[in-house]
Amino acid sequence: MNKANIKNIGVFTSGGDSPGMNAAIRAVVRTGLYYDLKVTGIYRGYDGMISGDFHLMERKSVANIIQRGGTILKTARSEEFRTAEGRKKAYEQLKKHNVDAIVAIGGDGTFTGANIFYDEYKVPVIGLPGTIDNDLIGTDFTIGYDTAINTVIDAVDKIRDTAESHDRLFIVEVMGRDSGLIALRSGIGTGAEAILIPETKTDIKALLCRLETSRKDKSSKIIIVAEGDDAGGAFEIAKVVKEKFPGTDTRVSILGHIQRGGPPSCMDRVLASRLGVAAVESLMEGRNREMIGIVNGKIHFTPFGNAIKHNPEVNPELLKIVEILSL
Ligand code: F6P
């Protein structure tokens, strides 16, 4: 199977962490060892690759981590790796530690770096989609997204209880600097009255009109806004809502980084395990410069050049569901 004659695979996490990254690391390490390869853990993403923060992994290095959020390998957004000098140092460290292929777990910034690195140094690389934002082309779901949306619905269900008790309107801000997919699914899942996302132009007038004409017997209302929405964050939306409806008791809640932590859901654990096994096997088969995802239940390969583009499309069916059900 080891057509590519790989002997030592380096694995690292990079960019924002996401629940399930540990399950992916575990799968890469154990699959490598299963095929009698060495597996080297690279700490702190590209920064650790540059500084040589390398540790040989054993089976027990990844024991008891499948259920833990965060990443045991730590993560970083490396400025130095953006420079040619930084990448040269990283290559020298890989050579020094005899790492001959890498598995990069992260989002589009991670894959952009890996793509440039391959152009320069030809170190085979496979990417796994690890981000709560679910904004990569080439996979139905990224590792961490399912957990994040479940964290959001848990929080919003609690907010709904108190909103209902006080007859309040809540504006809840969720993560997604460039992507509204956390807002969209969690908004549907919590029966939000409105969902504001960066992919569609937010029409404030239409939002105010919707609030005005919605059922008068509703005692609570929840608007979910993605942090990257074009109309601004939750506080900006709250300002216009309060101006228009001064009699409505309005509150803001920003969920923030709790969305990135916590034990991964079963779906994320299984997704990460499948992708981790596939990453090692595909490097051995000679595949390279591709992100592995799952599309329609099956392993799917996407060249980095395509995967790194943000997915601008939002499923129109989901948008319609919001329109119909939230009134
Ligand atoms: O992980 C992706 C993401 O959650 C974005 O949605 C968010 O804008 C960003 O990370 C914030 O990350 P940090 O606080 O680490 O800069």
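Quick note: structure is the one above.
In this text, all values refer to a predicted model and were calculated from it rather than measured experimentally.

A. Structural detail: the overall build of the protein. Within the protein, the regular secondary structure consists of 11 helices and 11 strands. Here the C-alpha radius of gyration of the protein, 22 Å, is about what a compact globule of 327 residues would show, namely 20 Å. Across its three principal axes, the protein shows a C-alpha extent of roughly 70 × 35 × 30 Å. For the protein, buried positions account for 53% of its 327 residues. Across the protein, contacts joining residues at least 24 apart in sequence account for 76% of those joining residues at least 6 apart. Side chains of the protein carry 42 positive and 42 negative charges; the gap between the two charge centres is 4 Å.

B. How the structure looks around the site of the ligand. Contacts to the ligand come from Arg77, Ile132, Asp133, Met175, Gly176, Arg177, Glu227, His257 and Arg260. A distance of 3.1 Å is found between an oxygen atom of the ligand and a backbone nitrogen or oxygen belonging to Gly176. Note that an oxygen atom of the ligand is positioned 2.6 Å from one of the side-chain N or O atoms of Glu227. Relative to its free-state accessible area of 400 Å², the ligand is covered by the protein chains to the extent of 80%. Shared between two domains, the shell around the ligand takes at least three residues from each, and those domains are domain 1 (8-144 + 264-309) and domain 2 (146-260).

C. Here's a closer look at the sheet that holds strand S5 (residues 125-129). Taken in spatial order, the seven strands of this open sheet run S3-S2-S1-S4-S5-S10-S11, and their pairing is mixed. This sheet does not close on itself; its edge strands, each paired only once, are strand S3 (54-56) and strand S11 (298-303). Within this sheet the neighbouring strands show an average axis-to-axis angle of 30°, counted without direction. Across four bridges, the pairing between strand S1 (residues 8-13) and strand S2 (residues 38-42) is parallel.

About the criteria used
- Residues numbered from 1 in each chain as written.
- Predicted model: local features only at pLDDT ≥ 70, side-chain atom pairs only at ≥ 80, totals over all residues.
- Heavy atoms only, no water.
- Helix = DSSP H or I, 4+ residues; strand = E, 2+ residues; numbered from the N terminus.
- Rg over C-alpha atoms; globule rule 2.2 N^0.38 Å.
- Buried < 20%, exposed > 50% of the residue type's maximum accessible area, 1.4 Å probe, protein only.
- Contact = heavy atoms within 4.5 Å.
- Lys, Arg positive; Asp, Glu negative; His and termini not counted.
- Charge placed at Lys NZ, Arg CZ, Asp CG, Glu CD.
- Near = heavy atom within 4 Å.
- Polar contact = N/O pair within 3.5 Å; in protein donor to acceptor, adjacent residues only side chain to side chain.
- Areas by Shrake-Rupley, 256 points an atom, 1.4 Å probe, with all protein chains shown as cover.
- Domains from an automatic or database assignment.
- Pairing = 2+ DSSP bridges.
- Axes fitted to C-alpha atoms, helices over the stretch in contact; angles between N-to-C directions.

As far as function goes, none of this settles anything; it's purely spatial.
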